Amino acid sequence: MSTKSKASDVWKNTVLKWRSVSPKKQKIAYVAGSTTIAVLGLLLGGRNTVHEPADAHDVEALSRIPFSKLFTGWMAFTFCSSPTWVDMSETLYNILSKIPIVSSVTHFFVMNIFFSQFLGGETTDDCIPKIQDLRKGHIGTLLGYNIEAELDGTSKNPELIRAQVERVMESIDAQGQLGRNFYPDTSATGGDNRSWVRIKVTGLLPQPIALLHGSDAILTARESKGLDIDVPYPGLPHDGDWEAALNGKQVTPADRQQLLELYATLDRIMAKAREQNVRVVIDAEQTWYQPIIDSLTDELMQKYNTLDGPAICVASFQAYLRRYPQLLDQQVLRAQEKGYKLLFKQVRGAYIKTEGERWAKEGRKGPGPVWGSKAETDASFNYGIAKTLATVSSQIQETGHSQIGAVFATHNSTSVDLGIRLLEEHGLAKRRNSDGRLIVSNEAAGSISFGQIYGMKDDLTNKIAGSIATIDGFPLVIKSMSYGDLKECLPFLARRATENKAILEGRGGASAERIRLSREMRRRLLWWTSY
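Residues numbered from 1 in each chain as written. Predicted model: local features only at pLDDT ≥ 70, side-chain atom pairs only at ≥ 80, totals over all residues. Heavy atoms only, no water.

Enquirer: Can you walk me through the nonpolar core in this structure?
Expert: Nonpolar side chains in soluble globular proteins generally cluster together in the buried interior. Ranked by internal contacts, the top residues of the largest apolar core, which has 93 residues, are Ile-172, Phe-344 and Ile-468. If we skip the residues at most four places from it in the chain, Ile-172 touches Val-197, Ile-269, Lys-272, Ala-273, Gln-276, Val-278 and Val-280. If you look at the next biggest cluster of nonpolar residues, it comprises 24 residues, including Met-75, Val-110, Phe-114 and Ala-510. (Core = buried A, V, L, I, M, F, W, Y, C linked by side-chain atoms within 4.5 Å. Buried < 20%, exposed > 50% of the residue type's maximum accessible area, 1.4 Å probe, protein only. Contact = heavy atoms within 4.5 Å.)

Enquirer: Any chance you could explain the packing of helix α16 (residues 413–425) against helix α18 (residues 458–467) here in plain terms?
Expert: Axes are the key here: two packed helices are described by the angle between their axes and the distance separating the axes. At a closest axis distance of 11 Å, the pairing of α16 and α18 adopts a crossing angle of 10 degrees. In this view, α16 runs roughly parallel relative to α18, as classed from their interaxial angle. Counting all contacts with α16, which are made through Ser-413, Val-416, Asp-417 and Ile-420, the residues of α18 involved are Leu-460, Lys-463, Ile-464 and Ser-467. Considering only residue class, the contact of α16 with α18 consists of four nonpolar, two polar and two charged. (Axes fitted to C-alpha atoms, helices over the stretch in contact; angles between N-to-C directions. Helix = DSSP H or I, 4+ residues; strand = E, 2+ residues; numbered from the N terminus. Parallel < 35°, antiparallel > 145°, perpendicular 65-115°, else oblique. Nonpolar A, V, L, I, M, F, W, Y, C, P; charged D, E, K, R; others polar.)

Enquirer: What's the story with the sheet that holds strand β6 (residues 404–409) in this structure? I'm lost.
Expert: Whenever strands of a sheet pair, they do so through backbone hydrogen bonds, lying parallel or antiparallel. Reading around the circumference, β1-β2-β3-β4-β5-β6-β9-β11 is the order of the eight strands in this closed barrel, with parallel pairing throughout. Strand-to-strand, the axes of this sheet are offset by a mean angle of 30 degrees, without reference to chain direction. Along the sheet, helix α13 (residues 324–338) makes contact with β4 (313–318), β5 (342–347) and β6, crossing β5 at roughly 165 degrees. On the sheet, α18 packs against β9 (448–453) and β11 (477–483) and is oriented at approximately 145 degrees with respect to β11. (Pairing = 2+ DSSP bridges.)

Enquirer: Hey, could you run me through the sheet that holds strand β10 (residues 468–469) in this one?
Expert: Taken together, three strands build an open sheet; the order of strands is β7-β8-β10 and the sheet is mixed. Two strands bound the open sheet, and with one partner strand each, they are β7 (429–431) and β10. Bridge count between strand β8 (residues 438–440) and β10: two bridges; the pairing is parallel. In the strand pairing of β10, Leu-438 is matched with Ile-468.

Enquirer: Even after reading the chapter, I still don't get the side chain of Lys-341, so can you show me in this structure?
Expert: Locating Lys-341 in the fold gives a position in the loop between α13 and β5. Of the side chains with opposite charge, Asp-192 lies nearest to the buried Lys-341, which makes no salt bridge, at 7.7 Å. Ignoring sequence-local partners within four residues, the contact set of Lys-341 consists of Gly-190, Arg-279, Asn-305, Leu-307, Ala-311, Ser-402, Gln-403, Ile-404 and Gly-405. (Lys, Arg positive; Asp, Glu negative; His and termini not counted. Salt bridge = Lys/Arg side-chain N within 4 Å of Asp/Glu carboxyl O.)

Enquirer: Please clarify how the packing of aromatic side chains should be interpreted in this entry.
Expert: Each aromatic ring pair is specified by the distance between its two centres and by the angle formed by the two planes. Evaluated as defined, the whole model comprises 12 aromatic pairs. Both rings, one in Phe-317 and one in Tyr-324, keep their centres 6.1 Å apart while their planes meet at 50 degrees; by these two values the pair is tilted. Tyr-324 carries the same exposure label as Phe-317, and that label is buried. Aromatic ring contacts, followed pair by pair, group Phe-79, Phe-109 and Phe-114 into a single cluster. Over the face of the ring belonging to Phe-381 we find Arg-348, whose NZ or CZ atom lies 4.3 Å from the ring centre. Seen from the ring of Tyr-233, Arg-364 lies directly overhead, with NZ or CZ sitting 4.8 Å from the centre. (Phe/Tyr/Trp six-rings, centres within 6.5 Å; stacked < 30°, edge-to-face > 60°. Lys NZ or Arg CZ within 6 Å of the ring centre and 35° of its normal.)

Enquirer: Is there a simple way to explain helix α8 (residues 158–182) in this structure?
Expert: The periodicity of an α-helix, 3.6 residues per turn, causes residues three or four places apart in sequence to face the same way. In a regular helix each residue adds 1.5 Å, so 25 residues correspond to 36 Å; α8 covers 36 Å between its end C-alpha atoms and thus fits that length. With a side-chain oxygen positioned 2.8 Å from the backbone nitrogen of Glu-159, the residue opening α8 is Asn-157. (Expected span 1.5 Å × (residues − 1). Polar contact = N/O pair within 3.5 Å; in protein donor to acceptor, adjacent residues only side chain to side chain.)

Enquirer: Where do I start with the pairing of β6 in this structure?
Expert: Regular strands have side chains that alternate between both faces of the sheet. In terms of residue burial, β6 counts as a mostly covered element, since five of its six residues are buried. With four bridges joining them, β6 and β9 adopt parallel strand pairing. Paired with Phe-408 across the strands is Phe-450, a residue of β9.

Enquirer: What is the right way to look at the environment of Ser-441 in this model?
Expert: Relative to the helices and strands, Ser-441 resides in the loop between β8 and α17 (442–445). Residue Ser-441 is classed as partly exposed on the basis of its relative accessible area of 23%. The sequence separation of Ser-441 and Leu-423 amounts to 18 residues, and the corresponding C-alpha distance is 9.8 Å.

Pasting the structure below:
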């Protein structure tokens, strides 16, 4: 018998023996092996790594986390610290998941390390205990069912879309019930209970090309009216945009039908959200889809954010776009003139690589839609914080309440520090002498919050929750929590990791997260060492 045949027989016998082992014993083997690796890593590495001093609020929060959760988080960020692993993660999973024995190990590893760290679960029921745990620490949630669009030109099955919309409805029902349990009286916070849901428009119609055609029609109509001459691409929302999207020459009858069905779907989601008093965030996407997403959001804000009831529809503004300062100024004035509450989530932006590539590929002249440097993006984001807090303060002083609700979604501690400092400077918060904590007024609490992604930058989240508060524990920071089954979420995880690789590598990224968790594990395992 050849050496190759002997090796093959050994492998087959190993596979048969492994499959005969009970699932419980397999799990024990996985845990034992991975724990051994972790302990060796903690003992042999990381002691001399330079890091910033630990925040006292974060140290206290870490001390309450089970060791198993610390360990899985440490493993996840150890892998995320390597750009090579990040780049090859999705391809590697697809290969390993087809190999006997290795596939079961791979599935266990992905579900218990990455999935558990960065997602709430596979269903809303899976997410509820995690949402409740966060709320105990005065942290709200933005729950999002993972709906990915077909951006490769293929058509998405309408039946799949309908099923996914029902999952969104389930998440609204779940957050509605939780919100009533957490914070039943929202009169002091403008109707907000910090139990939110988010949706992605491109995943809600069969062919996103309809959004592209509608956006092109909007831009053509604006140009014919002489609008946005001095505004960077993709311009600002205006009256008549939605009608232009439906009737433009670029828009086919099939496109028009898809757009009308999309509006009906969004309207149904918002109506359900109003019944449950759950705010719904419409995610921002690539700029070539953004004109029609802006238009849809504008239409829905005017309908569902009236001043005589709870406001529901939340826009998303990307500070890395050169249009952002002008967009924010326009949106504040537009809401005041038309009499609705402006709700928005402010982010830096996630599509910087594809934005630049598309701009160059299309041969467009002049600077692209994205700021040319990180410093400019940071300045744009911080302008949004300053403008918003100044406006909220002015409105509260004039009328006793604000017509703005903003969540500053960022992993940047400098921007967070700015926001906290301006809360005090604008008189929206006062420092409590007993513990030095800033107490935000009831009038401002429903208008301002900060946000981070679930499973990431927990140190910053804990710092915010420990630095600012309300008298009754209303959350001033939220976690964006995605959920869905592994098949749906793995590509999502891989793409988000790839898109944000620069963040993972940078200051405060995956390496810092790994160091933070290893310090706490070392403290428990090696009690004689310093923190």
